[in-house]
Protein chains: 2
Amino acid sequence: MQLGATSITIVTAIAVIGLAALVVAAVLRRQVLAAGEGTASMQEIARAVQEGASAFLSRQFRTLAVFAAVVCALLFLLPGDSGIKIGRSVFFLVGAGFSAAIGFLGMWLATRANLRVAAAASGPEGRAEGARIAFRTGGVVGMAVVGLGLVGASLVVLLYRGEAPAVLEGFGFGAALLAMFMRVGGGIFTKAADVGADLVGKVEQGIPEDDPRNPATIADNVGDNVGDCAGMAADLFESYAVMLVAALILGRAAFGEEGMVFPLIVTAVGALVAALGVAITRVRGAESGLAAINRGFYVSALVGVLLASAAAYVYLPGTFAELPGGTTGLEGHAGDPRLVASLAVLIGVVLAGVILWVTGYFTGTTSKPTLHVARTTLTGPATVVLSGIGVGFESAVYTTGIIAAAICGVFLLAGGSVPLALFLIALAGCGLLTTVGVIVAMDTFGPVSDNAQGIAEMSGDVTPEGAQILTDLDAVGNTTKAVTKGIAIATAVLAATALFGSYADAVRTALEDISGGLGGDLVEAMMSYDIINPITLVGVILGGATVFLFSGLAIDAVTRAAGAIVFEVRRQFRDNPGIMTGEVRPEYARVVDMCTRDSLRELATPGLLAAFAPIAVGFGLGVGPLAGFLAGTIATGVLMAVFLSNSGGTWDNAKKIIEDGSYGGKGSPAHAAAVIGDTVGDPFKDTAGPAINPLIKVMNLVSVLIAPAIVAVSVGEDANHTLRLTIALVATAIAFGAVIASRLRAAKVDREGRLEHEAQLVG
Amino acid sequence: MQLGATSITIVTAIAVIGLAALVVAAVLRRQVLAAGEGTASMQEIARAVQEGASAFLSRQFRTLAVFAAVVCALLFLLPGDSGIKIGRSVFFLVGAGFSAAIGFLGMWLATRANLRVAAAASGPEGRAEGARIAFRTGGVVGMAVVGLGLVGASLVVLLYRGEAPAVLEGFGFGAALLAMFMRVGGGIFTKAADVGADLVGKVEQGIPEDDPRNPATIADNVGDNVGDCAGMAADLFESYAVMLVAALILGRAAFGEEGMVFPLIVTAVGALVAALGVAITRVRGAESGLAAINRGFYVSALVGVLLASAAAYVYLPGTFAELPGGTTGLEGHAGDPRLVASLAVLIGVVLAGVILWVTGYFTGTTSKPTLHVARTTLTGPATVVLSGIGVGFESAVYTTGIIAAAICGVFLLAGGSVPLALFLIALAGCGLLTTVGVIVAMDTFGPVSDNAQGIAEMSGDVTPEGAQILTDLDAVGNTTKAVTKGIAIATAVLAATALFGSYADAVRTALEDISGGLGGDLVEAMMSYDIINPITLVGVILGGATVFLFSGLAIDAVTRAAGAIVFEVRRQFRDNPGIMTGEVRPEYARVVDMCTRDSLRELATPGLLAAFAPIAVGFGLGVGPLAGFLAGTIATGVLMAVFLSNSGGTWDNAKKIIEDGSYGGKGSPAHAAAVIGDTVGDPFKDTAGPAINPLIKVMNLVSVLIAPAIVAVSVGEDANHTLRLTIALVATAIAFGAVIASRLRAAKVDREGRLEHEAQLVG
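What you see is a predicted model, and the numbers here were worked out from it, not measured in a lab. (Residues numbered from 1 in each chain as written. Chains lettered and ligands numbered in written order. Predicted model: local features only at pLDDT ≥ 70, side-chain atom pairs only at ≥ 80, totals over all residues. Heavy atoms only, no water.)

## Some details on the overall build of chain A
In terms of regular secondary structure, chain A is built from 22 helices and zero strands. What you see for chain A is a C-alpha radius of gyration of 25 Å, in line with the 27 Å of a compact globule of 763 residues. Each principal axis of the C-alpha distribution contributes one length, and for chain A these read about 80 × 60 × 45 Å. Among the 763 residues that make up chain A, the fraction classed as buried is 68%. Across chain A, the fraction of contacts at a sequence separation of at least 24, relative to all contacts at a separation of at least 6, is 84%. (Helix = DSSP H or I, 4+ residues; strand = E, 2+ residues; numbered from the N terminus. Rg over C-alpha atoms; globule rule 2.2 N^0.38 Å. Buried < 20%, exposed > 50% of the residue type's maximum accessible area, 1.4 Å probe, protein only. Contact = heavy atoms within 4.5 Å.)

As structure tokens, this is what we get:
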């Protein structure tokens, strides 16, 4: 069923709503920039951070541009109509460009807002004003996310109509791929600087965090902006775009072209809700920033559900038989599409709320699990690490269980129809993302207030009351960051589950074009989605293994890069005793440069692994095992991501509990143990954990894109098993070559470490 | 095809071989006990360890007997012929009894051998004689494992013929269930005592390990015997029994009753090879114990492959059409069954060898990854923990990849026939287990020499050369322990993959008995093994989640129990200053009692989770999602198990590198950091990691057993969805009730910890 005139009008209106969201973003941006910029000393520090962050992102974009160009060329090698291929490649670049732009915007504004928040904290109404600026900064990013997502997706629908799915795959893939690289690169940068700064500054020299004598302190602040701001913003844009893309593809599959309209309507509702959330979230009187943010979230969620339901009752007919795409076997479905759609959106929104609550329970400073981890500081660092891992494992299980329950609920709604279930899962994801505007705003809050505190500490130009306000804002930021990670990974599961439908569609379509039979039992086994087939199970195992390898590589990269920073900081202190006395300014730029160089070098390995592992499995074993592989990445990925994020979150807040005076407070053995736990958690929660979200999407989209090519070389008369195995071997070689390269870098850092140790013994 | 007269003779002969293995075990046992028992002081210490270990195991068996009786009763509730049900229940008890007996034997002999190894080390030929006794001790356990396994399985085949599979399920389930509890209970005991002893003794008081002044030192030695000896022996028996059971069930399914003979022949070859391995493994001159053990392994492996191939060429026909069970659709298979079977066995043996090598690479004291972890001690405990986790993740990926490659290889051999592939996977597992005799012997080596060192240190009655010999033997034990864990988990993957076949068979048979249609789309979805079905994917996610929860619970249990031990040991030191001066003997028995009580209480939670999670998923979501669940447990389980074992192994050996003098040696900050890493690794490698192996089997066998019942309540005219959902809810409630109970215990330890801290502040 083709897109009718009314639908075209609706989609055009949605594109306009997207543009309006961008205008709102621009207005909010002006409001943020209009605030006071504080003292000259504060401005000088902020400028160093701005320059470092811009330099890193520019170099990162130059590196990634090459990579994107290569991928763009590879997309042309896949089978298909050349018009569609051009559209897909163009929108691949658009998706990647939007991800990059959102990331850059997030960083650019955050490095300006931090200064303004620091300045505002000392003024009258410091708390409310500081929170307002920090939250508005996030609002800019949030509105830009929904605006660019809506504009991009509705443009594709308007331009390509029935062919939109293939082009949307390109758009989503571009967004996810770039976001993954920004998550990994930024994550390595921020944690290498943070861990390196802490290990020498806090632990060895006993100087406070953000002390200007620490050569790594500017790098640490740059890291907050390129990792937590730029990486996170790109990641949330990617979540938004891929979820929308999945919903559109599945709507098209289930109900024809008209099926693409309703997901866009739900998402447009999200844009309105986001604007509302940003407008209503303000700190009233003495209430904490968290109370204001929670209120903003719950009001947005409620309004989102009501508006989406209203849209369903206005737009959708009362029976499945009346749906424009009633030709797809759902005519006999007994439910009311309006109710079914509203309930799916409701499940998504409730899911977001429950994850908010569970994450808060496991990582909050007043909850039992975190208090338990804090108590284990009494028996030393080993028990802190163990108890944090235990809490992380357990919280991962509950979060995952809730996501699984949501999928089951949607499945029941669909009454056993798999295509409808997949579409409704995507719709639930769109429902979840009606709150994305508020969520991005919440998340950006964290690094901005963290940086503001850093600027205040380094400049010494903030009043004691102002400093206390900034500390409070920073603590709120810690909680909101953990929450957004939980929500981001939930969208990954929903999007990936739904994209399974596109994958199966792509395979089915490709098989229809094949002449001749499958070509024997072995090929038939390669095409089977049967989970009890050993070769499919091998796919599941390899999928899980890829998540473990990716996580291990990301953590290793931080350990290595942080090790190099430690040696550099120690060298500066040793070569220049004037740094510790405050007479000489440390060489901040050297540390920033090292972080930039190392993180750009390190991001290649996990990135290549993510892109090439599905190619190796798909061409090597077949489309059945590749489906198993995706299932393995989803299951292990969500568990690993939540485990890493929540372990890190609970260690961070257990440290805060000690610093607030429990078990001996700052400087006690309990505090030393808590700091070790927190340092272990740093790459968990800010590098490996959050990068798994785009990883899952990248691997899913790569699989959807290559599925027709796998079918073409594997089955029928034209099967070419030599070509198939060659592709698999080359992909394996690229992925493992990258792993070996990272091993060699590890050996180099080890050598330097040994040499430094020996030099110390001689000296 | 029924069992012919020749086959009956062969199976009877195999049962006799099993009995002969038991006789060899008895002879070896007498040899071990004949060695000298050392001084009175050594005997006194050994007696305390013996008493503590016996007391723990007796109490554990009493607890587990109740549990086994309940499970036995539940087995009767399942649908089926009552004669078979009685046989299954009886052999469930036999399997459980064999597991318990092997565990008890392992502990009993080890607590006597440790003393004799300690005594022998001071004598002439100390190294060779000490290694001989330690290795013979393992030989007793190894021969008992193969003997009881063969006797039990061949007895079932002889008694039940065509009905043997159902009875074998009971036998394997009993073995796996008991082994899982012994792994968890013993693992918690040993690591609670070890971590507790180290945290106060080594870290706080600065006294050496095994110092008699430490009140937890006897408990630590008891733990080695109940965890590493009893738990490991039961676990390897279970691996052996379940692998054999899987091969017999699949042989029956693929080739009729005659199909059960060849797996028994391969396993009987393993018994001969085990006897050979024990006989030839002896230390020559000044060579290390490891060299001798490796030689024993490789010679056994080679002989095993040759004998198994010879058996294949003698016993099997030249084409699949000539096989007695040629009715199963394999008549047209082009391969030579003799070659195919030999290659499958070869793949299994090669898999064992490669895992041996990879594990050695990632955890050995001279390999790059361990040296890297040792170097990170220079930058503090946090980087040690991070680098060890990175190494663990990476090694898990390679080990898992190798197992996956082996499955793919077998799959190619089967030429795309799934039933044949499943049977060959089981056969490869039997091939892998031809080396089990040597492997058990290797593994037992570790705790015996560890304990011998403890007795030597505590008694002070061993010469310096003797002490050095014992230290060397202990280091060998560390490596062999890591290797056996890798091999055990490989058998778990192969057995579980193969058991998928039995699961599908059970479902298919049950469906054939159903009258009426499936009953709607939703029920049909519940029956689908299709991995792209969202509800199957939910199963995969829940399977992975169960592994995370189980691991988290096991680690938490150790953290909690160790915390309680720390407070008790501190109390003893505080209340009785004479302990530190050596005037007063500490109250060893109190600590042993606490460990016993706590570990028996703690083992219930993970145990109930393992038994009830598949019931909840199967009855709640259906047989399709339950298949997904099993796939999720296998994939996540193998990764998690290898990660936990190898991280622990690499931390342990990194600590040894420091203790051998690198980076400052003992007492340096690097050493303190390494000790923290090692302590984190303790529950990883000795509690959670190894327990995942029996966990996977227990969940698989529970699923196979309940599959007909799920079908009966879910589909057809007699479907009873109220009953189905009630069972699912009760199972969920039991599993989560256990989790909540463990949370309450955690709160209690936290309260004690807080009180002790406050008492100290006042004091």
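Having put the structure on the table, let's press on.
## Quick word on the interface of chain A and chain B
Where interface size is given, it is often the accessible area lost as the parts come together that is meant. Each partner contributes to the interface: chain A provides 87 residues, whereas chain B provides 88 residues. Counting the surface lost from both chain A and chain B, the interface buries some 8100 Å², and carbon and sulfur atoms represent 80% of this. Ranking the residues of chain A by area buried against chain B places A:Leu386, A:Ile532 and A:Phe548 at the top, with a combined share of 9%. In this structure, the connection of chain A to chain B is made through two salt bridges. Here A:Glu394 and B:Arg743 are joined by a salt bridge, their closest N and O atoms 2.2 Å apart. Inspection of the chain A/chain B interface yields six residue pairs in polar contact (both at pLDDT 80 or more). Split into classes, the residues belonging to the side of chain A that touches chain B amount to 56 nonpolar, 22 polar and nine charged. (Buried area = accessible area lost by both parts, 1.4 Å probe. Salt bridge = Lys/Arg side-chain N within 4 Å of Asp/Glu carboxyl O. Polar contact = N/O pair within 3.5 Å; in protein donor to acceptor, adjacent residues only side chain to side chain. Nonpolar A, V, L, I, M, F, W, Y, C, P; charged D, E, K, R; others polar.)

## A few points about the UniProt feature "site: Determinant of potassium independence" (unreviewed entry) in chain A
Residues and elements named next belong to chain A. Mapped onto the present numbering, the UniProt feature "site: Determinant of potassium independence" (unreviewed entry) falls at Lys481. Take Lys481: it is sitting in helix H14 (residues 464-512). In this structure Lys481 comes out as buried when scored by relative accessible area, which is 10%. For Lys481, the residues in contact, after removing those within four places along its chain, are Asp228, Asp443, Gly446, Pro447 and Asp686. (UniProt positions renumbered as here; feature names shortened; annotations may be inferred.)

## Some words on the relation of the copies chain A and chain B
For the pair chain A and chain B, the best superposition has an RMSD of 0.0 Å and corresponds to a rotation of 180° with a translation of 0.0 Å parallel to the axis. In short, the pair behaves as if placed about a two-fold rotation axis. Closest approach to the rotation axis within chain A is made by the C-alpha atom of A:Asp530, at a distance of 2.5 Å. When the interface residues of chain A are mapped onto chain B, 100% of them are again interface residues, pointing to one common binding face. (Least-squares fit on C-alpha atoms with pLDDT ≥ 70 in both.)

## A short note on the side chain of B:Gln60
Residues and elements named next belong to chain B. Take Gln60: it is sitting in helix H2 (residues 40-77). Take Gln60: its relative accessible area is 0%, and that puts it in the buried class. At 3.5 Å, the side chain of Gln60 forms a polar contact with the backbone oxygen of Phe181. Excluding anything up to four places from it in sequence, Gln60 contacts Phe181, Met182, Gly185, Gly186, Leu600 and Leu603.

## Focus: the nonpolar core
Judged by nonpolar contacts, the single largest core of 593 residues is most densely connected at A:Leu424, A:Tyr503, B:Leu424 and B:Tyr503. Sequence-distant contacts of A:Tyr503, that is, excluding residues within four places in its chain, are made with A:Tyr529, A:Val623, A:Leu626, A:Ala627, A:Leu630, A:Ser703, A:Val704 and A:Ala707. (Core = buried A, V, L, I, M, F, W, Y, C linked by side-chain atoms within 4.5 Å.)

## A short note on helix H16 (residues 534-575) of chain B
An ideal rise of 1.5 Å per residue puts 62 Å on 42 residues; H16(B) measures up with 60 Å between its terminal C-alpha atoms. Of all 42 residues in H16(B), 38 are buried, a share of seventy percent or more. (Expected span 1.5 Å × (residues − 1).)

## Quick notes on a nonpolar patch on the surface
Together, B:Tyr313, B:Leu339, B:Leu343, B:Leu346, B:Val350 and B:Val354 line one region of the surface with nonpolar side chains, adding up to about 450 Å² of accessible area. The class for B:Leu343 is partly exposed, based on a relative accessible area of 30%. (Patch = residues over 30% accessible without salt bridge, like charges linked within 9 Å, V, L, I, M, F, W, Y side chains within 5 Å. Areas by Shrake-Rupley, 256 points an atom, 1.4 Å probe, with all protein chains shown as cover.)

## Describing the pattern of salt bridges
Residues and elements named next belong to chain A. All chains considered together, the criterion is met by 50 salt bridges over all chains. The closest approach of N and O atoms between Asp686 and Lys485, which form a salt bridge, is 3.2 Å. Within this pair, whereas Asp686 is found in helix H21 (residues 669-714), its partner Lys485 is found in helix H14, the two being separated by 201 residues in sequence. Per residue, the accessibility class of Asp686 equals that of Lys485, and both read buried.

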